[in-house]
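What follows is the residue order along each chain.
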Amino acid sequence: MIRFEGIALAYGTQVLFNGVSGHLGTRERVGLVGLNGTGKSTLLRILTGRVSPDAGEIEQAREASIGFLSQEAAIDVERPIVEEVEGGDARLRRISLELSQAHEALEKCDPASPPYRQGLEKIGQLEANWETLGGYALRARAESILEGLGFATEDLRRPGKEFSGGWRMRVALARLLLANPAYLFLDEPTNHLDMDSIRWLERFLRDYEGSVVLVSHDRAFLDGLCQRILHLERGRLESYTGNYTAFAHERQNRKAILERTAANQARAIERTQRFVDRFRYQANKARLVQSRIKALEKVERIELEPDDESFSFAFPEPARGGAEVLKIEGLSHRYGEQTVLHDIHLKLERGDRVALVGVNGAGKSTLCRIAAGQITPTAGTATLGYEIALGYFAQEQADILDPALTVLEAVEAVSPPNYPIPARTLLGAFLFSGDDVFKRIHVLSGGERNRLALARMLVQPANFLILDEPTNHLDMRAKEVLQQALLGYSGTLLVVSHDRAFLDPLVDRVLEVGHGRVHTHHGTLSEYLTAKEAEEAAAKSKERAANRDDATGGDRSRRKRRDRAERRKLLAPLRQEVAAHERTIAELENRIAELETKMQDPAFFRSGQETKGAVEAHLAAKNKLDHVLVEWETALGKIEALEAEDETQ
């Protein structure tokens with residue numbers, strides 16, 4: 001359990017937190033949400049001990065380990081990434097170092113001397129600890145996590161310096177997942193992940209033994225994982241039970257109830273004030289008037305929070321173009337010796353709404369850039385149709401903004417004269433509020449420049465939009481504004497995004513890019529994901545059947561070796577679990593014996609509240625012991641079954 005009470009923090013005149021309190025239990029899945037700039041990342045840093053608050057206290061169990069993934073996580077870029085991830089398990093890393101030192105010391109000892117025998121005993125104990133803690137399965141665990149996050153098998157021995165910043169963030173995440181801390185704090189963990197990796201991470205965290213606290217703007221990810229939402233707003237923190245969708249619904253309910261209560265209170269105050277004003281100067285009513293004045297003074301007024309500024313915008317109505325919007329024929333593209341796209345044939349027609357998906361590096365952005373005329377393909381053609389006005393957004397577009405302009409000037413420069421929404425209102429939808437619109441572009445962060453580039457593109461009339469990761473650097477509110485605008489857009493849409501909740505209502509066709517090819521799936525993104533999961537399940541079933549056929553077709557010994565290796569992978573964590581249960585059992589038995597010794601004292605039951613607390617602790621310890629004994633016996637049974645399989649082969 002982690003408890004935090006009265007956390008306060010201010011930077012100058014900006015108050016981030018004004019006495020926020022809460023708790024984090026065991027095996028919880030908690031989402032921390034709020035608008036950009038409300039202090040979500042800072043709160044994570046406070047709870048993990050990286051930032052000291054101005055006031056408040058944090059309590060946590062002494063033995064509870066904490067892991068934190070920041071948006072600037074770093075790795076040792078000189079090491080092979082699989083070794084870097086293995087280093088995440090501090091206990092095994094320490095045992096490995098001690099084993100190495102023990103072997104070095106042993107080489108210097110006389111085999112007939114007592115220090116030699118003591119060294120052997122120490123090595124034996126360290127190796128036993130290594131096995132108990134899952135050391136023999138460490139490499140397999142590291143490889144499994146890295147592959148789940150999208151790394152190819154041949155990449156695992158490459159050093160971190162050969163990967164981009166986004167892929168290095170995946171290595172940092174893998175290292176943290178392997179460390180398996182009791183409390184896992186993740187700041188935007190789905191940044192830099194493709195859709196397949198996000199789905200894998202969601203499944204991994206769902207089964208995670210510890211607690212997970214995460215900041216994310218991915219609504220589908222929060223909905224699929226979280227059981228509780230902490231909402232940070234105007235320096236205060238509120239807890240909601242359920243996933244993000246449940247939170248959004250409950251928040252609206254709470255707001256409606258508070259508004260009704262405030263309205264009723266206002267009417268009651270108004271009635272009382274009218275009575276006071278009417279009879280203030282009548283002597284025979286003086287006592288009643290004074291009574292009501294005092295009652296008014298005691299009323300604790302309900303204060304309604306100002307509504308979040310709600311923004312919306314609509315695309316300029318585009319001119320009608322030809323029926324055929326984009327035609328791609330025999331398109332191939334290479335970067336050096338690497339072929340990214342091969343012999344692609346594709347057609348988009350007026351009104352199509354298409355998602356482009358695939359793992360990072362598959363060629364999605366390359367295909368967008370070719371379609372937008374930004375690069376020339378190695379072979380083949382990509383042709384826009386008759387009178388097609390293209391709007392294209394990519395991350396690098398932020399680099400061509402004029403650094404001398406203000407944010408407001410940059411949008412006004414491209415807004416049509418008759419555009420119905422003021423530039424300042426539009427910029428508010430993209431998180432530029434107040435005096436932010438007067439900032440010069442050269443002082444903006446990378447995320448701010450990307451948001452500005454997106455806003456500029458969307459005000460220009462276009463009947464064909466190509467959007468490459470448009471939701472990066474947008475919070476939940478801004479995504480909803482953009483999504484609603486795209487739902488009302490009458491032109492043709494081609495969009496790359498890994499945000500499932502954003503994409504799902506927008507598209508009716510999915511193009512999957514992979515291994516140089518493009519495969520078409522008709523239907524929504526949800527329908528595509530459901531079909532893909534069914535395909536993956538069928539492929540696994542087919543693989544299992546093939547393995548069975550191999551075993552009956554003369555390859556039995558190879559199958560036995562593979563099965564034995566799999567059993568060893570399963571045995572290591574089971575033995576670790578048994579050892580942990582045995583330690584817990586010993587602690588509980590000692591605690592129960594200690595309490596029962598106290599209870600044998602005749603004076604014990606005269607201690608009032610202390611007696612009650614001890615009796616409850618005794619009962620809780622016995623109940624927990626019963627539960628742990630069942631889990632211990634279950635794990636032992638699994639070990640015995642696996643060992644019996646080894647003996648029969």
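Going by the structure above, here's the rest.
Residues numbered from 1 in each chain as written. Predicted model: local features only at pLDDT ≥ 70, side-chain atom pairs only at ≥ 80, totals over all residues. Heavy atoms only, no water.

Focus: unusual backbone geometry
Next, step 1: Look at Arg27: it is not a glycine, yet its phi comes out positive at around 55°.
Next, step 2: Tracing the chain through its elements places Arg27 in the loop between strand S2 (14–24) and strand S3 (29–33).
Next, step 3: For Arg27, a relative accessible area of 40% translates into the label partly exposed. (Helix = DSSP H or I, 4+ residues; strand = E, 2+ residues; numbered from the N terminus. Buried < 20%, exposed > 50% of the residue type's maximum accessible area, 1.4 Å probe, protein only.)

A closer look at the side chain of Asp187
Next, step 1: Looking at the secondary structure, you find Asp187 in strand S6 (residues 183–187).
Next, step 2: One buried charge, Asp187, has no salt-bridge partner; the nearest side chain with opposite charge is Arg45, at 5.7 Å.
Next, step 3: Side chain to side chain, Asp187 and Ser41 meet in a polar contact 2.6 Å long.
Next, step 4: Polar contacts involving the side chain of Asp187 include one to the side chain of Gln71, which spans 3.2 Å.
Next, step 5: With residues up to four places along the chain from it excluded, the contact list for Asp187 reads Ser41, Leu44, Phe68, Leu69, Ser70, Gln71 and Val215. (Lys, Arg positive; Asp, Glu negative; His and termini not counted. Salt bridge = Lys/Arg side-chain N within 4 Å of Asp/Glu carboxyl O. Polar contact = N/O pair within 3.5 Å; in protein donor to acceptor, adjacent residues only side chain to side chain. Contact = heavy atoms within 4.5 Å.)

Here we look at the sheet that holds strand S4 (residues 55–60)
Next, step 1: Here we have three strands laid out as an open sheet, ordered S2-S1-S4, and antiparallel in their pairing. For this open sheet the edge positions go to S2 and S4, each flanked by a neighbour on one side alone. Each strand of the sheet is rotated relative to its neighbour by a mean of 20°, with strand direction disregarded.
Next, step 2: As paired elements, strand S1 (residues 2–11) and S2 share eight bridges and run antiparallel to each other. What sits directly across from Ile7, in S2, is Val20. (Pairing = 2+ DSSP bridges. Axes fitted to C-alpha atoms, helices over the stretch in contact; angles between N-to-C directions.)

Concerning helix H5 (residues 138–148)
Next, step 1: Every buried residue belonging to H5 is among Leu138, Ala142, Ile145, Leu146 and Gly148, and all of these are buried. Projection of H5 onto a plane perpendicular to its axis shows the buried side chains occupying an angular sector of 165°, all on one side.
Next, step 2: Of the surrounding secondary structure, the elements contacted by the buried residues of H5 are helix H2 (81–86), helix H3 (90–107), helix H4 (114–132), helix H6 (165–179) and helix H7 (195–206).
Next, step 3: Two residues or fewer after H5 comes Gly150, characterised by a positive phi angle close to 105°. (Arc of directions from axis to C-beta.)

Things to note about the sheet that holds strand S16 (residues 492–496)
Next, step 1: Ordered in space as S14-S15-S16-S12-S17-S18, the six strands form an open sheet in which the pairing is mixed. Edge positions in the sheet fall to strand S14 (390–393) and strand S18 (517–522), since each has one partner strand and no second. Each strand of the sheet is rotated relative to its neighbour by a mean of 15°, with strand direction disregarded.
Next, step 2: Sheet topology note: the S14/strand S15 (residues 464–468) ladder contains four bridges and is parallel. Looking at the pairing, Tyr392 lines up with Ile466 of S15.

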